[in-house]
Amino acid sequence: MRRDLALDASPALAAPLRFFLNAPAFGLLAAALLWYAGPSAFYSRWSPLTLAATHVLTLGVFASVMMGALIQILPVVAGVQVASARTSATGIHALLTAGTVALASAFVTSEPELFLIAALACGAAVLWFVAACLIGLNGTGARAARAVVDIVRAIRLALAALTGTVALGAVLAVSLVHSIGLPVVGLTDMHLTWGLAGWIGLLTAGVAYQVIPMFQVTEPYPRSLARVFAPALFAAIVLASFASLSLRVLGSVTSLALAALPFAAYTVFAAVTLVLLHGRKRASADATTLYWRTSMASVIGGSMLWAASRAIGSPSLDVALGVLVLVGAIQSAISGMLYKIIPFLLWYHLQAALEMRSPLVPKVKAILPDTHARAQYWAHLCALALLLAACGLPHALARPAALAFGVSNAWLGINMAQALRLYLRVKRELGSVRASGAQF
Amino acid sequence: MKPLACETTLALCGLEPPEPMERVLAALRTLAPDAYLRMVIDREPLPLFALLSRGGFEYEVRGPAGGRYEIDIWRRG
């Protein structure tokens, strides 16, 4: 039996790469906003500059990297081609980037028109992305996709959650411009639950089924967990959303129990992942292993912090919870994945330009050395610790934390730029050899 | 047409991607025209197939059997 995967059908390098390059750029912008806001960013999750920094991270860094990763991973893992990958990537990236900048500006300036522009741009980017993925999932890749049914199911549910997140975000943006009497707090809780636990969490879990055993050389996830987790979590999010809008009807205990369901589900997932990582078949932990461990530990820590904040009725812990979830859990997982995806992508596109293996093409591990990635990981961990400490001591630590966060993101950008520079140099050398008519 | 002789068998289970691809591509540089290379791997290496087609190779995939794929690769005639 022969499986065909036309080279021309693989996304061009620029398709996913443009999304990945957003990560350090918007990470730096988030750090700059935190620096500018100073201690006020850590007082409340409703502070305009905190909201601006949060959305720069969630849209500019997380959504951007995850969209780029999905455009790249779907063909490789599941044999699924995102519809018109090159055109879609260019359009979606432009809309998402513009929408992110507009939304951050809207929070900073409180200009109503900017909220509407942001809602339109981000909404269009997401609808285009979801449509392009669904066309691919329902089309030519169906045969290969059957072999990775758990991953594809999680991706489908994550796309549904993304659509819900942006729809809720658009409603909230409109409600900020026109007072239409909506329950803003309840809708905001729903918006962030669908965004973080739904879109980002489901996609991360779906990808983890594949990449943790593959790249970390662990045992596979238990089949029962991989089959049940995504649908069960999706149901938990639906129930938690119902709870956030129905507090008076359900009573506080029932509401709290329903709101706890996504945290409980992710705690189980994180515990299983940590056990798998503990039993990995390789002795040394690379930067991605460290990032995954930090991410999963942050998930468990975040769940405990959420339970503590509800038990003692202290909303002041909400900002610390946000730091732990956004920077500890999500940015850690995303950075860890970038350190695997980017070197592979650059190596693959160098190799694909040749008819034969060439000694000029460096090994994948030489394209972005693990020593560089590990050094950046420690900077990230330092920034995470300072951001958490700043929640308790905002006057003393807000700006040092913002500075450390900026350094960590700039370092990620430098590592990515060095890998890209190596790629361009080798590509030039290969071009020279080809032009001279010599053998590779 | 697939050659009759197997020149090398590469056991690539449990290796971190893309090391299996790197090893196969390195081995193919010296593959004789009248022989094939067999790779045994624990997942279907979809990205490799595009590189093989581009590089002038034919291939045959069997599996998964017992969680493993056997892929035979030879030079296009």
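Data block above holds the structure.
Source: prediction; values computed, not measured. (Residues numbered from 1 in each chain as written. Chains lettered and ligands numbered in written order. Predicted model: local features only at pLDDT ≥ 70, side-chain atom pairs only at ≥ 80, totals over all residues. Heavy atoms only, no water.)

### Overview of the environment of A385 of chain A
And then number 1: You can see A385 of chain A is positioned in helix α14 (residues 370-392).
And then number 2: Once the C-alpha coordinates of A385 of chain A and V364 of chain A are considered, the two residues, 21 residues apart in sequence, prove to be 31 Å apart. (Helix = DSSP H or I, 4+ residues; strand = E, 2+ residues; numbered from the N terminus.)

### Description of the state of the cysteines
And then number 1: Under the definition given, this model contains zero disulfides over all chains.
And then number 2: In this structure C122 of chain A is not part of a disulfide, and its nearest cysteine sulfur, from C133 of chain A, lies 17 Å away.
And then number 3: Left unpaired, C13 of chain B is separated from the closest cysteine sulfur, that of C6 of chain B, by 15 Å. (Disulfide = S-S within 2.5 Å.)

### Considering the interface of chain B and chain A
And then number 1: Every contact between the two is made by 29 residues of chain B and, on the other side, 33 residues of chain A.
And then number 2: Carbon and sulfur atoms supply 58% of the area that chain B and chain A bury against each other, a total of about 2,700 Å² over both sides.
And then number 3: When residues of chain B are sorted by the area they lose upon contact with chain A, E16, E22 and R54 of chain B head the list and together hold 24% of the total.
And then number 4: The tally of links from chain B across to chain A stands at three salt bridges.
And then number 5: Our count for the chain B to chain A interface comes out at three residue pairs in polar contact (both at pLDDT 80 or more).
And then number 6: Where the side of chain B that touches chain A is concerned, the elements lending two or more residues are α1 (19-28), α2 (46-54) and β3 (57-65) of chain B.
And then number 7: If one sorts the elements of the side of chain B that touches chain A by residue count, α2 of chain B sits on top with seven residues.
And then number 8: In terms of residue class, the side of chain B that touches chain A is built from 15 nonpolar, four polar and ten charged. (Contact = heavy atoms within 4.5 Å. Buried area = accessible area lost by both parts, 1.4 Å probe. Salt bridge = Lys/Arg side-chain N within 4 Å of Asp/Glu carboxyl O. Polar contact = N/O pair within 3.5 Å; in protein donor to acceptor, adjacent residues only side chain to side chain. Nonpolar A, V, L, I, M, F, W, Y, C, P; charged D, E, K, R; others polar.)

### Details of the pairing of strand β4 (residues 68-75) of chain B
Residue and element names in this part refer to chain B.
And then number 1: With five bridges joining them, strand β2 (residues 35-41) and β4 adopt antiparallel strand pairing. In the sheet register, I41 faces β4, and the bridge partner there is Y69.
And then number 2: As defined by bridge partners, β3 adjoins β4 across seven bridges and the pair is classed as antiparallel. The partner of Y59 across the bridge, within β4, is I73. (Pairing = 2+ DSSP bridges.)

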